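# Examination of the molecular architecture
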Amino acid sequence: MARVAGEATMTSLLLLLLLLPTAATGGRVTKGWESAVERRRSVLDNGLGMTPPMGWNSWNHFHCDINEQLIRETADALVSTGLAEVGYQYVNIDDCWGENYRDSQGNLVAKQSTFPSGINSLADYVHGKGLKLGIYSDAGTQTCSKTMPGSLGYEDQDAQTFASWGVDYLKYDNCNNPGTNPRERYSKMSSALQNSGRDIFFSLCEWGVDDPATWASSIGHSWRTTGDIFDSWDSMTSRADENDKWASYAKPGGWNDPDMLEVGNGGMTTEEYRSHFSIWALAKAPLLIGCDVRSISEDALEILSNSEVIAVNQDSLGVQGKKVVWGGGTEVWAGPLSGGTVAVVLWNRGSSPATITAEWSDIGLSSSTVVNARDLWAHSDTASVQGELTATVDSHACKMYVLTPQ
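Right, let's walk through the structure included here. (Residues numbered from 1 in each chain as written. Predicted model: local features only at pLDDT ≥ 70, side-chain atom pairs only at ≥ 80, totals over all residues. Heavy atoms only, no water.)

### Looking at helix 8 (residues 233-244)
Between its terminal C-alpha atoms helix 8 stretches 17 Å, which fits the 16 Å expected from 12 residues at 1.5 Å a residue. Looking at helix 8, one finds that the buried residues are W233, S235, M236, T237, R239, A240, N243 and D244. Residues of helix 8 that are buried sit in contact with strand 10 (255-257), helix 9 (270-282), strand 12 (322-327), strand 13 (330-336) and strand 14 (342-348). (Helix = DSSP H or I, 4+ residues; strand = E, 2+ residues; numbered from the N terminus. Expected span 1.5 Å × (residues − 1). Buried < 20%, exposed > 50% of the residue type's maximum accessible area, 1.4 Å probe, protein only. Contact = heavy atoms within 4.5 Å.)

### Digging into the packing of helix 6 (residues 155-165) against helix 7 (residues 182-194)
Axis separation between helix 6 and helix 7 bottoms out at 8 Å; the angle between their running directions is 40°. One finds that helix 6 runs oblique with respect to helix 7. Taken as a pair, helix 6 and helix 7 cross one another with a handedness that is right-handed. When helix 6 is examined against helix 7, the residues E155, D156, D158 and A159 are found in contact with a partner set consisting of K188, M189, A192 and L193. Split by residue class, the contact of helix 6 with helix 7 holds 4 nonpolar, no polar and 4 charged. (Axes fitted to C-alpha atoms, helices over the stretch in contact; angles between N-to-C directions. Parallel < 35°, antiparallel > 145°, perpendicular 65-115°, else oblique. Left-handed = near helix turned anticlockwise from the far one by under 90°. Nonpolar A, V, L, I, M, F, W, Y, C, P; charged D, E, K, R; others polar.)

### What about unusual backbone geometry?
For N176, which is not glycine, the phi torsion reads 50° and is therefore positive. Mapped onto the secondary structure, N176 falls in the loop between strand 7 (169-173) and helix 7. By relative accessible area, which is 27% here, N176 ends up partly exposed.

### Looking at the pairing of strand 14
Among the 7 residues of strand 14, 7 are classified as buried, and the element is accordingly described as predominantly covered. Because side chains alternate across strand 14, one face comprises the buried residues V342, V344, L346 and N348, and the other comprises A343, V345 and W347, equally buried. Where strand 13 and strand 14 come together, 7 bridges link them in antiparallel fashion. Following the sheet pairing, W333 is matched in strand 14 by V345. Taking the residues that link successive antiparallel strands as the turn, the strand 13-strand 14 hairpin has 5 residues, and the phi of G339 there is positive, at about 75°. Here strand 14 pairs with strand 19 (residues 398-405) via 6 bridges, running antiparallel. In the sheet register, L346 faces strand 19, and the bridge partner there is K399. (Pairing = 2+ DSSP bridges.)

### Focus: the sheet that holds strand 10
Pairing within the open sheet is parallel, and its 8 strands lie in the order 10-9-8-7-6-3-2-11. Each edge of the open sheet is held by one strand with a lone partner, namely strand 10 and strand 11 (287-289). Sheet twist, expressed as the average angle between the axes of neighbouring strands with direction ignored, equals 25°.

### Re the state of the cysteines
Using the criterion set out here, one finds 2 disulfides in the structure. The disulfide bridge from C64 ends at C96, spanning 1.8 Å between sulfur atoms. With C64 in the loop between helix 3 (59-62) and helix 4 (68-80) and C96 in the loop between strand 3 (90-92) and strand 4 (98-102), the pair connects residues that are 32 residues apart, well separated along the chain. Overall, the relative accessible area of 35% leaves C64 in the partly exposed class. Shown here is the disulfide that connects C144 with C175, its sulfur atoms set 1.9 Å apart. Handedness here is read from the sign of the S-S torsion; for C144 and C175, about 90°, the answer is right-handed. In this pair, C144 sits in the loop between strand 6 (132-138) and helix 6 while C175 sits in the loop between strand 7 and helix 7, placing the two residues 31 residues apart along the sequence. (Disulfide = S-S within 2.5 Å.)

### Re the side chain of R349
As for its placement among the helices and strands, R349 is situated in the loop between strand 14 and strand 15 (354-359). Not counting residues up to four positions away in its chain, the partners in contact with R349 are W233, T237, D241, K323, G329, E331, W333 and H396.

Keep in mind these numbers describe shape, not what the thing actually does.
Next comes the structure, spelled out in structure tokens:
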């Protein structure tokens, strides 16, 4: 089993990563960095994104087959299933909600055949359920479906439109762009949203092509680090790996986004979906449900509503957990939580059951530390664990724990 180079503890790694921006400038804050801090502060003034967003998005399951009745029924289902109560608050409409033209004043128009009541009315309905409404646009001339206009060149007008409709969240895609720097195009919409008069969560969907983790924290609240996810084991695991290398850039107010959840869509086993949800929660990824919650299975609902796993994702410390030990198809992922606790996932990506061990030196604990190990899926405790944590894990499954020093 391979280990992190030099057996460095997670605590040491985190401290080193936190110091990198200063070290890179010889311990001095540069003028460019200072202006970025100022821009970041203006984004954070609205208080959004202090923990990763939780909600639902229409794309993974429905693609363009959406209408206002679906959105209303989904809001109803989030409440009736108890998912809203455990934190899922955003109801996000993805691509294909609008007409393929702007009106005579240049405004975006809701598609009459599928959203006849308009987005404002839909926002009122969702807000009446105690939830928030999200919408979609694109930093190009057309959205990815090519069925409606993008916002390139219309940033201020579209931001004002979204605000007037009562929108709370904007997913901003990157299709059909002119090849210009995405940082510039996304910055324009960021400024437009800040000047819209409404607090709107800004989700950059730039697919990680220009390493947005290194610059997007001054622009938005989350940024895609990967291409689109698909409902398969290989797609999910590759997205987890691609996202992992940017762990040090996540913090309250700005999150790495390996794309939305596929839990409940049918392409993976229950154990694979449980692994999917565990890793996304540990990695402080946005938790955006991608299945049809109106007909959600009991297994999928049990996974998505696990309040103990959600608590790891929503922990106020806001440090992204990451892969710390790997080899032979088995992995240990871990990260610190508030109050001196540590979250650990023992993940078996191999084809047969395996015994996996997390040693204290790998996860930032001293060898003498004695912990209570809380199994977040079995909802059980093991007291007085010292030095290491070991479990046998089925193929494509995981065990997830919170370790609390005694």
